[in-house]
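# Structural characterization, general
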Amino acid sequence: MRAFKYFGHYDIREVEVEIPKPKQGELLLKMLAAGVCGTDLHIRSHGDWIGKAPLHGVTIGHEFVGEVVEIREGTHFSQKYPHISGDIKVGSRVCAEPHVPCGSCYFCLRGQSNICLDIGHLGVTRDGAFAEYLTIPADRCSLVPEGVSDTAASLIEPLACALRAVHRSPLTVGSTVAVIGAGPMGQDVAKAARIGGASQVIVSEPDMMRRNMAEQAGCDAAVDPNVSDLAETVMELTHGIGADVVFEAAGLSETVSQAIDAVRHGGTIVQIGVPTGNIDIDIRRVIIGEISIVGEHATQWDFGAAIDLIASGKVDVESSVTHTFALEKALEAMDTAENGGSVKVVLRNFS
Ligand SMILES: [Zn+2]
Ligand SMILES: [Zn+2]
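Residues numbered from 1 in each chain as written. Chains lettered and ligands numbered in written order. Predicted model: local features only at pLDDT ≥ 70, side-chain atom pairs only at ≥ 80, totals over all residues.

### Regarding the environment of Gly74
Mapped onto the secondary structure, Gly74 falls in the loop between β5 (63-71) and β6 (78-80). Sequence-wise, Gly74 and Ser320 are 246 residues apart; in three dimensions their C-alpha atoms are separated by 40 Å. (Helix = DSSP H or I, 4+ residues; strand = E, 2+ residues; numbered from the N terminus.)

Below, the structure is given as structure tokens:
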């Protein structure tokens, strides 16, 4: 089968490999669609994912939908969400949480497997989605309802991350929200904040296409940070108070500082953007304003909500898709996602 593997800095190669065999507790999936994520680009350009080096020769990609073609004997997984339940069978369409926790550390045993000390990640520590087939533990998978297209299903994972970011914030009905960075994640977070009851969603994004997309999706204001100051706009719109919650989805010292400028005293910044190294901020502002800065790491338990919101039409994830490529064009797809002029790039036609 065809697979795109990481060998080093800007060295992702198409290689021909054997179809993998599912181990105990695993499924074999035939891939149907996969999203290109900022994480994949970050791995390609920096050879690291939050301090972890990707395995040499690992297949990249972690946002996907696939059809179950083989289930290792003795593996059963029945999934129950409030609106979708059933057994995962051969022929089922599934998406998956791409983190594989150890199951035995302090945090796994406390029911916090998303912050497992020894967490594995598809596309980093085990083979990921930019391939014709993929093996994955059944308990990471979620059934995809019939009415959800393959493209939308491949975007369940990033929406689950966005929902996690909202769940990590105190956002409630009537909150004012600022979102810094309107790439694929910022777009999803803005939609999730709106669904979560925000009365105002203000986006800061230098790319005009991304600003327009955010406004079309219902944002109240979209600021070009090269032209106007986000904090000034937020202060104007909140009578000098500031945003209750700022979602930082850019990951630069400058943008984290903008988040501190835009958040109100006592407010919360959810850090989503992953910087390439340390960031430089004035921590005194955090102290004096009693500002909370929280991280987020996606969870299995946000998938049910993401699936329900997409299946019910309450969140349109497909509207962020600007480009679609066949799997064989995965490198071109990554270039398109990296070089601007795009928002979400999706791989289809895996064989
Ligand atoms: Zn991702
Ligand atoms: Zn663990």
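### Thoughts on the domain arrangement of the chain
Looking at the assigned domains, one finds that the chain contains domain 1 (2-160 + 299-348) and domain 2 (169-294). The set of elements that each furnish at least two residues to the side of domain 1 that touches domain 2 consists of α1 (38-46) and α4 (156-167). In terms of residues, the side of domain 1 that touches domain 2 owes the most to one element, α1, which gives 3 residues. Residue classes in the side of domain 1 that touches domain 2 are distributed as 7 nonpolar, 6 polar and 2 charged. (Domains from an automatic or database assignment. Nonpolar A, V, L, I, M, F, W, Y, C, P; charged D, E, K, R; others polar.)

### Comments concerning the sheet that holds strand β16 (residues 243-248)
Sheet strands pair via backbone hydrogen bonds, and the direction of the pair is either parallel or antiparallel. Ordered in space as β15-β14-β13-β16-β17-β18, the 6 strands form an open sheet in which the pairing is parallel. Bordering the open sheet on either side are β15 (221-223) and β18 (292-294), each of which pairs with just one other strand. With strand direction ignored, the average angle separating the axes of adjacent strands in the sheet is 20°. Pairing of strand β13 (residues 176-180) with β16 involves 4 bridges; the strand directions are parallel. Each bridged residue has a counterpart across the sheet, and for Ile180 the counterpart in β16 is Glu248. (Pairing = 2+ DSSP bridges. Axes fitted to C-alpha atoms, helices over the stretch in contact; angles between N-to-C directions.)

### Regarding the pairing of strand β3 (residues 26-36)
Regular strands show a simple pattern: their side chains alternate between the two faces of the sheet. Counting buried residues in β3 gives 10 out of 11 residues, a clear majority hidden from the surface. Both β3 and strand β11 (residues 133-137) contribute to a ladder of 5 bridges, which runs antiparallel. Bridged to Glu26 within β11 is Pro137. Relative to β5, β3 is paired through 8 bridges, and the arrangement is antiparallel. Residue pairing for β5: Leu29 is matched across the bridge by Val68. (Buried ≥ 20, exposed ≤ 12 C-beta atoms within 10 Å, placed from the backbone.)

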